[in-house]
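Okay, here's what each chain looks like letter by letter:
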Amino acid sequence: MAFNPTMNRVEKESRSGQPRYGQYADFDAAPQYGQATYGQQQYAQAPYGQQYAGMEQAYAAPAVDQGRTGRVSLDDVFVKTAVLFGIVLAAAAGTWVVVGAQPQLAMVVWLAGMFGSLLLSFVIGFMKTVNVPLILLHAVLQGAFIGAVSATYESLQDGIVATAVVATVGTFAAMLLGWKVGLVKVSSRAMRIFGLIALGYLVFQLVNLGFAFFAGASIYSTGLGWIVALVGVALAAYSLAIDFETVQRSVASGMPQKYSWLLAHGLIASLVWLYIEILRLLYVLRSND
């Protein structure tokens, strides 16, 4: 996944300035000193017994959290991400077994998973509603894609998948730590620039794929292959930092809870992208030895 319109959409909506359910009202619109609100007037006019009963009910009520107010929370995003990650792993494992038994299906599943998930990513990103079934289907397609890719690369270079998995986990942890402590900066301007670069990278990958199929030539078989692969890893890694920032902004702006599915979808898409780019880089470096 070289371009993720989902996070771009969520990031724009989180800073659109429109008040959403669960957000605090503008302080400028609050009543001035000495003016009673409607609720305060009701309370002041109620008999003492009713006032006491109302206070008792308020203290007895459970604490309000983000989940109860319908706002997205970090817990929501974590749970949804875990669900999608489990679906991706299950689909990848199943595809690995099928492709291992019938290698002739590898390329068919590879292309179907790649183009299917790419198309769905644009559909999900530009839809006005949050379509959970499409997000789940996207996870299945991505799992099938990386399962076919992993089985193919493993058949060419033994042990490359395990190395790629370890490198992906390490890069994810490093980017999360770097973003958390401020070493990796993410701004709205950086997001826009990254979006243009990522879109250009996607177009480049599609053109390169076309040359590989119809002309038997690929940039990765040249001396520049490892440089291009390294650029892909860097883009995918920074995409994770953007995802972390988008999640934080979404929680802070009080976006509706349903957006946790979109945020989780974006995180998984970036993680899959990072894994594919690392797998490709390792293959290129080993092939040049």
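Higher on the page you've got the structure.
Residues numbered from 1 in each chain as written. Predicted model: local features only at pLDDT ≥ 70, side-chain atom pairs only at ≥ 80, totals over all residues. Heavy atoms only, no water.

Visitor: Is there a simple way to explain the pattern of salt bridges in this structure?
Guide: A side chain of one charge can pair with a side chain of the opposite charge if their charged atoms are brought near each other. For the structure shown, the criterion picks out two salt bridges. Notably, a salt bridge pairs Arg-249 with Glu-245, separated by 3.3 Å at the nearest N-O pair. A residue pair is termed a helical-turn pair when its members lie 3 or 4 positions apart in one helix, as Arg-249 and Glu-245 do in helix H9 (residues 225–252) at four residues. A salt bridge links Glu-277 to Arg-280; the nearest nitrogen and oxygen atoms lie 2.8 Å apart. With a gap of three residues between them, Glu-277 and Arg-280 both fall in helix H10 (residues 259–287), about one helical turn apart. Across this residue pair, the class does not change: Glu-277 and Arg-280 are buried. (Salt bridge = Lys/Arg side-chain N within 4 Å of Asp/Glu carboxyl O. Helix = DSSP H or I, 4+ residues; strand = E, 2+ residues; numbered from the N terminus. Buried < 20%, exposed > 50% of the residue type's maximum accessible area, 1.4 Å probe, protein only.)

Visitor: Just to check I follow, could you spell out H9 for this structure?
Guide: At 3.6 residues per turn, the α-helix brings residues three or four places apart onto the same side. Compared with an ideal rise of 1.5 Å per residue, which puts 28 residues at 40 Å, H9 spans 41 Å between its outermost C-alpha atoms and is within 8% of the ideal. Phi for Gly-254, located one or two positions after H9, is positive at around 70 degrees. (Expected span 1.5 Å × (residues − 1).)

Visitor: How do you make sense of the packing of helix H5 (residues 106–126) against helix H6 (residues 132–156) when you look at a structure like this?
Guide: Helices that pack against each other are described as a pair by the angle of their axes relative to one another and the distance between those axes. Following both chains from N to C, one finds H5 and H6 inclined at 145 degrees, their axes separated by 8 Å at the closest point. Seen along the crossing, H5 lies across H6 with a hand that is left-handed. Across the interface between the two elements, Ala-106, Val-109, Trp-110, Gly-113, Met-114, Gly-116, Ser-117, Leu-120, Ser-121, Val-123 and Ile-124 from H5 touch Leu-134, Ile-135, Leu-137, His-138, Leu-141, Gln-142, Ala-144, Phe-145, Ala-148, Val-149, Thr-152 and Tyr-153 from H6. Grouping the constituent residues of the contact of H5 with H6 by class yields 16 nonpolar, seven polar and no charged. (Axes fitted to C-alpha atoms, helices over the stretch in contact; angles between N-to-C directions. Left-handed = near helix turned anticlockwise from the far one by under 90°. Contact = heavy atoms within 4.5 Å. Nonpolar A, V, L, I, M, F, W, Y, C, P; charged D, E, K, R; others polar.)

Visitor: Looking at this structure, I do not really get the packing of aromatic side chains. What am I missing?
Guide: Taken as a whole and judged by the stated rule, the model has nine aromatic pairs. Seen in terms of ring centroids, Trp-110 and Tyr-153 are 6.3 Å apart; in terms of plane orientation they differ by 35 degrees. Their pairing is tilted. Taken together, the residues span a long stretch of sequence, with Trp-110 in helix H5 and Tyr-153 in helix H6 at a distance of 43 residues. In this structure Tyr-153 comes out as buried when scored by relative accessible area, which is 12%. Between Tyr-153 and Tyr-283 the ring centres are 5.1 Å apart and the planes differ by 85 degrees, which places this aromatic pair in the edge-to-face class. Of this pair, Tyr-153 sits in helix H6 while Tyr-283 sits in helix H10; the two residues are 130 residues apart in sequence, bridging distant segments of the chain. Residue classification places Tyr-283 among the partly exposed residues on the basis of a relative accessible area of 27%. (Phe/Tyr/Trp six-rings, centres within 6.5 Å; stacked < 30°, edge-to-face > 60°.)

Visitor: Could you clarify how one ought to interpret H6 in this entry?
Guide: For H6, built from 25 residues, the straight-helix expectation of 36 Å at 1.5 Å per residue is met to within 8% by its first-to-last C-alpha distance of 36 Å. With a side-chain oxygen lying 3.1 Å from the backbone nitrogen of Leu-134, the N-terminal cap of H6 falls on Asn-131. (Polar contact = N/O pair within 3.5 Å; in protein donor to acceptor, adjacent residues only side chain to side chain.)

Visitor: I keep staring at the environment of Val-99 and nothing clicks. Help me out?
Guide: By the element assignment, Val-99 lies in helix H4 (residues 74–101). Of the residues examined, Val-99 reaches a relative accessible area of 5% and is grouped as buried. Separated by 51 residues in sequence, Val-99 and Ser-150 have C-alpha atoms that sit 9.9 Å apart. Non-local contacts of Val-99, meaning those with residues more than four positions away in its chain, are made with Ala-106, Ala-148 and Ala-151.

Visitor: So what exactly am I meant to see when it comes to the side chain of Ser-260 here?
Guide: Its place among the elements puts Ser-260 in helix H10. Residue class for Ser-260 comes out buried when judged on its relative accessible area of 0%. Those residues in contact with Ser-260, other than ones at most four positions away along the chain, are Val-72, Asp-76, Val-77 and Lys-80.

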